[in-house]
Amino acid sequence: SKPITTSVSRLRTYWNLYTLPWEHEAWRLVSAKKYETLLDGTVSYKHEFEEAKANIINNYEDVYNSAAVRLGVLFESAKFPSREELGRKYGIYLYRNSVNLADDVRIDGLSEAATAEIRKNVTEQYNEQITGAVTSIIDRMREVASDIVARTSKPAEGLKFATLLTKISKTCDSLDGLNIVNDPRLDALI
C-alpha cells in the first residue's frame, strides 16, 4: 500500500542522510555522538509505518477482497499471508552492533601466526569500510558543490536559490558528527 511504501521510503531517506554506508551498504554507521539523535528521529517514521500497517491489518478483509477483484484470475489466495502472519512478518527492526578494531579480536586456541593473520584481515576490512564511509561524505559534498555550480552558472535574473541553500544546509547538518575518523580536513569541508 502507498502509505507503507511512503513511510519506509521516508525512513530509508532519513537513515541514509544521517548515517554512513558500512559493509557494502547492508548496514549503516553512525557515530556515538549522533546515535541517540538518530534513534529519536526514527521514532516518528517508525510510528508512521506502524499506523499504516495497523490500517491494513484492521481492514484486512477489505484489502484481501480488493486484491481478489483487482487481480481477477491471477489472484492466488495462497500468496496472501493471514492477518496474523502479516502482523508478525512486516515491521521495522533495528539491529545494533558495534565496530570492532583488530585489537578487540581475542581467540583462544589459535597460534600466534593465525591470530596475527586474522587481525591483519580485520584491519584491512576496517580500513576499506572506513574509506568507503569517508568517501560517502566527500560524495555528498561533491553533489552539493555540483548543484551550486549548475545553478549559479545560469543567468541569475529571477532565479531563486532557496531550494539550493536548503539542500546545502540539510546536507551539512546531516554530516555534522559523522566524521568518524576525526579528520580535520573533513570537518573543514563540512
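Residues numbered from 1 in each chain as written. Predicted model: local features only at pLDDT ≥ 70, side-chain atom pairs only at ≥ 80, totals over all residues. Heavy atoms only, no water.

## A look at the pattern of salt bridges
Applied cut-off: We define a salt bridge as a side-chain nitrogen of Lys or Arg found within 4 Å of a carboxyl oxygen belonging to Asp or Glu. Each residue is assigned to one of three classes by its accessible area relative to the maximum for its type, calculated with a 1.4 Å probe on protein chains only: buried under 20%, partly exposed between the two thresholds, exposed over 50%.
Following the criterion strictly, the structure yields nine salt bridges and no others. With a closest N to O distance of 3.9 Å, Lys79 and Glu76 form a salt bridge. Taking relative accessible area as the criterion, Lys79 reaches 63% and is therefore assigned exposed. In the salt-bridge network here, residues are joined through shared partners; they are Glu143, Asp147 and Lys167.

## A short note on the packing of aromatic side chains
How we decide: Each pair of aromatic rings taken from Phe, Tyr and Trp, with Trp reduced to its six-membered ring, is defined by centres within 6.5 Å and is described as stacked if the planes are under 30 degrees apart, edge-to-face if over 60, and tilted in the remaining cases. Each helix corresponds to a stretch of at least 4 residues labelled H or I by DSSP, and each strand to a stretch of at least 2 residues labelled E; elements are numbered beginning at the N terminus.
Scanning all chains against the criterion turns up seven aromatic pairs. Here the aromatic rings of Tyr14 and Tyr18 are separated by 5.1 Å at their centres, their planes lie at 50°, and the arrangement is tilted. Here Tyr18 and Tyr14 lie together in helix 1 (residues 2-18), a separation of four residues that amounts to about one turn. Look at Tyr18 and you get partly exposed, because its relative accessible area is 23%. Where Tyr14 meets Tyr45, the ring centres are 5.1 Å apart and the plane angle is 35°; that geometry is what we call tilted. A residue pair is termed long-range when its members are at least 10 positions apart, and Tyr14 in helix 1 and Tyr45 in helix 2 (residues 32-58) qualify at 31 residues. Residue classification places Tyr14 among the buried residues on the basis of a relative accessible area of 14%. A residue is classified by how much of its surface remains accessible, and Tyr45, at 22% relative accessible area, is partly exposed.

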